[in-house]
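Architecture and fold: a report
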Amino acid sequence: MIRFLIDNDIVEINEARADLTLLQFIREHRKKTGTKEGCAAGDCGACTVVLAEPVSVNGTYQLHYRTVNSCITLMSAIHGKQLIFVEHLSDGKHLHPVQQALVEHHGSQCGFCTPGFIMSMFALYHSNSKPKRDDVLHALSGNLCRCTGYRPIIDATLAVCEQAPNDKFSALQEKTLATLLSLGATPPTGTGNIHTPSTREELKALIKAYPEAQLVAGSTDLSLQFTQQLKNVNSLISLTHIDALKQCTINEHSVTFGAAIPLSDMAPALLNAFPQVAELITRFASLPIRNQATIGGNVANASPIGDMPPLLLALNAILHIDNGDDVNTMPISAFFTGYRETRLAKGEWISAIEIPLKQPSQALAAYKISKRFEDDISAVCAVFNVTIENGKVEAISSGFGGVAATPTTCDALERALKGKQFSSTECLHLGKQILFDAFTPIDDVRATAEYRKKVLANLWHRFWLENQSVSKIETRVVQHA
Ligand SMILES: Cc1cc2nc3c(=O)[nH]c(=O)nc-3n(C[C@H](O)[C@H](O)[C@H](O)COP(=O)(O)OP(=O)(O)OC[C@H]3O[C@@H](n4cnc5c(N)ncnc54)[C@H](O)[C@@H]3O)c2cc1C
Ligand code: FES
Ligand code: FES
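It should be emphasised that the depicted structure is a prediction, and the values quoted were computed from it without experimental measurement.

**Quick word on the packing of helix α2 (residues 97–104) against helix α5 (residues 150–160)**
Two numbers describe how α2 lies on α5: the axes approach to 8 Å, and their chain directions differ by 135 degrees. Considering the angle they form, α2 stands oblique to α5. The element α2 and its partner α5 pack so that their crossing is right-handed. Of the residues in α5, those in contact with P97, V98, A101 and L102 of α2 are I153, A156 and V160. Grouping the constituent residues of the contact of α2 with α5 by class yields seven nonpolar, no polar and no charged.

This is the structure we're talking about:
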């Protein structure tokens, strides 16, 4: 059984199709059609809804309001949460402050995108953050508007978020928090063909009992099989409710992320250790996708254009592979075996991803090249992690996406440049040539093969220019908090 709140009513679901999306539930089961379907692929934001959930901050629970794309969210994701969609915002007499602000700033024309924008604005309004323009852009990064233009929507968001939240949700905050904590205290028991283990042992038993069932975490990748390719899925095992898979542990040697941590939750610890990769994280899809998408799903789907594998390759990450009896470790460089193929055997799952902190990371940079700044898949992703000692290249770890059938490294780069003066033009030109020749990428809708090769060489040029000052430092010890 899955239990959650809709507005202030507790809803229980005992039986649901494994592939029932939250959007189908809202529109077809609840008959609320304010939430729109545009792309059914997580790309347009017309279907954006908010999930409120209790989050412990310094030992005290607070409600966090997060946007998700309901078209690719599965019902198993909403246990213990409050589901808020656009029909709930008004108190019946007045528009909600975010709706009023959009009216006053003329932020809607045809109106198709408007419910989605309203929900993203609502979540930001409740983050109590007095956002700057950039924060607003991030909050709206999953919403497309094709006729109004973004300026009035951004202005409306900036204006309304100046005020502290004052609506029926803030008035009922304590009560909602108490109800959600009590709903979440009992793990879900699954609904028909969606199995929802809450421990490692249950996961192992379910995989054994339902060998045909697919694992699902954030569902931002898997759902496209139902919504775009119209494939049937009979049985799913959700990793969302296994607390052990959502932990982040840090010691002096490494930071370890449970595989089912959404990108939004892992970002603070990752960026604390490696602030240089901030742009890669903020440009990973959109905020609603990052609120769902997990690091484990990004590695396990083995997409050659995923953004985390190149980073994890360059940071020499270690995967923890569990089968319910033993946990084995494997360098991520050994994990990908072919196009969307990995070393994961039947009955195994990725339980955690460990990143060594003592990186030889005098110079680290992650570059994502895509057609749009927000919410776009990489045409090319390149991560360079170069140790420079006394001006000379000591070691190079690298990771690339979009240039081969799997995420990949380029060992030839280290072999050719080790011992060379980093600031030398030889290091620049040799690096560019090696990267141009290293891969045989394909032409596709995102880029031609030729473009990919050139861009890769040029990214080395950019890296070389950006790190000239690092190469002049005699020896640099990198401290991680
Ligand atoms: C609009 C949109 C934009 C996107 N933009 C980006 C982007 O910019 N960069 C990028 O890299 N990706 C992007 N993606 C792809 C996707 O969001 C990511 O790959 C995401 O990290 C997948 O994680 P998930 O938890 O949603 O995986 P799911 O969809 O739940 O699962 C994906 C696959 O991994 C398997 N799996 C999941 N977790 C585990 C585990 N712990 N152990 C073993 N197998 C597991 C599942 O069985 C499934 O086969 C985008 C997707 C969408 C819809
Ligand atoms: S319908 Fe486009 S993101 Fe969901
Ligand atoms: S108002 Fe028409 S798409 Fe935004």
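What follows picks up the thread again.
**Observations regarding the sheet that holds strand β9 (residues 248–250)**
Read from one edge to the other, the open sheet built from five strands follows the order β9-β10-β15-β11-β12, with strand pairing classed as antiparallel. Strand pairing shows two members of the sheet lacking a second neighbour, β9 and β12 (327–331), which therefore form its edges. Each neighbouring strand pair of the sheet contributes to a mean axis angle of 20 degrees, computed without reference to strand direction. Two elements, strand β10 (residues 254–258) and strand β15 (residues 349–356), share five bridges in a ladder whose sense is antiparallel. Looking at β15, one finds that F257 is bridged to I353. With respect to the sheet, helix α8 (residues 200–209) is in contact with β11 (318–322), β12 and β15, its orientation differing from that of β15 by roughly 135 degrees. This element, helix α10 (residues 263–273), spans β9, β10 and β15 of the sheet and lies at about 175 degrees to β10.

**Description of the domain arrangement of the chain**
When the domains of the chain are assigned, the result is domain 1 (2–184), domain 2 (194–238), domain 3 (247–356) and domain 4 (362–480). Its C-alpha centre places domain 2 at a distance of 37 Å from the equivalent point of domain 4.

**Points about the site of ligand 1**
Around ligand 1 sit 33 residues in total, of which L215, A217, T220, T294 and D307 are the nearest. Within the side chain of T294, one N or O atom sits 2.6 Å away from an oxygen atom of ligand 1. In isolation ligand 1 offers 990 Å² of accessible surface; the protein chains occlude 93% of this area. Put simply, the parts of the chain that give the shell around ligand 1 at least two residues each are β7 (214–216), α13 (295–300) and β15. Per-element tally for the shell around ligand 1: the top contributor is α13, with four residues. In the shell around ligand 1, the residues fall into 17 nonpolar, 10 polar and six charged.

About the thresholds
- Residues numbered from 1 in each chain as written.
- Chains lettered and ligands numbered in written order.
- Predicted model: local features only at pLDDT ≥ 70, side-chain atom pairs only at ≥ 80, totals over all residues.
- Heavy atoms only, no water.
- Axes fitted to C-alpha atoms, helices over the stretch in contact; angles between N-to-C directions.
- Helix = DSSP H or I, 4+ residues; strand = E, 2+ residues; numbered from the N terminus.
- Parallel < 35°, antiparallel > 145°, perpendicular 65-115°, else oblique.
- Left-handed = near helix turned anticlockwise from the far one by under 90°.
- Contact = heavy atoms within 4.5 Å.
- Nonpolar A, V, L, I, M, F, W, Y, C, P; charged D, E, K, R; others polar.
- Pairing = 2+ DSSP bridges.
- Domains from an automatic or database assignment.
- Near = heavy atom within 4 Å.
- Polar contact = N/O pair within 3.5 Å; in protein donor to acceptor, adjacent residues only side chain to side chain.
- Areas by Shrake-Rupley, 256 points an atom, 1.4 Å probe, with all protein chains shown as cover.

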